[in-house]
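Listed here are the chains, written in short residue letters.
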Amino acid sequence: MLNVFISPMLKKNNYKKYEIVNNLELINYFSSLNFFCSSSFSSNTKYINQISKKNDLLVLSGGGDISYINKNSINITRDNFEKKLVKSFIKEKKPIITICRGFQLVAVLMGANIKKIKNHVRVNHKINIIKKNKFINFKSLNTNSYHNFGISNLPKEFEISGTTKDGCIEISINNNKRLLCFMFHPERKNKSRLLIKKTIVNFINEFVRKN
């Protein structure tokens, strides 16, 4: 069985220490794809490098804002942890799937901009596929949306695959760094759930199971 590391959300307990909040929907989702899921938190670089060596895939979960948008201590701490994870997995040439907040984090880390947008919170909308590839061979998706901020000016190494009618980037792929990026949540209710799952499976088959 393959291993996936799913980055957790963080919160502070009554003693002002960080505790992880596991995304059970994501864990169940990737368990259904025959992955053994793990999730933990540590600022120790050596420990983070062990995570990337042990696991076959990294998933950056959604939930909350990145520190680029809201600079509180939890967001800064989580960002620093996830940035180290991303760099370590890229160094190991292992694939990464980013979801909503995770996509925003990777985009900013690689030089993109984030901008305020409207009508993308708690709605379902159509994503038009503007460029098909070996992972995506359909024309459109109908997905959920839970984000107040969109991504602009992605570096050229990112291939923009899907956008909404207002031009918001919803799906992007970076083959060189083995990144599959979603602004929606595949683990939550989606009308196009099967097509989303097919895209993820195609990505996994290319960069995980083939190796």
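See the structure printed just above.
So, here is what we can say about the structure in this document. (Residues numbered from 1 in each chain as written. Predicted model: local features only at pLDDT ≥ 70, side-chain atom pairs only at ≥ 80, totals over all residues. Heavy atoms only, no water.)

Right, let's get into the overall build of the protein. Looking only at helices and strands, the protein features 5 helices and 13 strands. Taken over the C-alpha trace, the protein has a radius of gyration of 16 Å; the compact-globule value for 211 residues is 17 Å, and the two agree within 12%. Seen along its three principal axes, the alpha-carbon backbone of the protein occupies a region of about 50 × 40 × 30 Å. Scored against the burial criterion, the 211 residues of the protein give a buried share of 50%. Across the protein, contacts joining residues at least 24 apart in sequence account for 69% of those joining residues at least 6 apart. (Helix = DSSP H or I, 4+ residues; strand = E, 2+ residues; numbered from the N terminus. Rg over C-alpha atoms; globule rule 2.2 N^0.38 Å. Buried < 20%, exposed > 50% of the residue type's maximum accessible area, 1.4 Å probe, protein only. Contact = heavy atoms within 4.5 Å.)

The next thing to look at is the sheet that holds strand β4 (residues 35-38). One open sheet accounts for 9 strands, arranged β4-β1-β5-β6-β13-β12-β11-β8-β9; its pairing is mixed. Two strands in the sheet have a free side with no partner beyond their single neighbour: β4 and β9 (140-146). Each neighbouring strand pair of the sheet contributes to a mean axis angle of 25 degrees, computed without reference to strand direction. By the bridge criterion, 2 bridges tie strand β8 (residues 121-129) to strand β11 (residues 159-163) in an arrangement that is antiparallel. When the bridges of β11 are listed, Asn128 appears paired with Thr163. Packed onto the sheet, helix α3 (residues 73-91) meets β1 (2-6), β5 (57-60) and β6 (96-99) and runs at close to 150 degrees relative to β5. (Pairing = 2+ DSSP bridges. Axes fitted to C-alpha atoms, helices over the stretch in contact; angles between N-to-C directions.)

Relative to each other, helix α2 (residues 45-54) and α3 sit at 50 degrees, their axes nearing to 9 Å. One finds that α2 runs oblique with respect to α3. Between α2 and α3 lies a crossing whose hand is right-handed. For the pair α2 and α3, contact is made by Thr45, Ile48, Asn49, Ile51 and Ser52 and by Phe81, Lys84, Leu85, Ser88 and Phe89, respectively. Residue composition of the contact of α2 with α3, by class: 5 nonpolar, 4 polar and 1 charged. (Parallel < 35°, antiparallel > 145°, perpendicular 65-115°, else oblique. Left-handed = near helix turned anticlockwise from the far one by under 90°. Nonpolar A, V, L, I, M, F, W, Y, C, P; charged D, E, K, R; others polar.)

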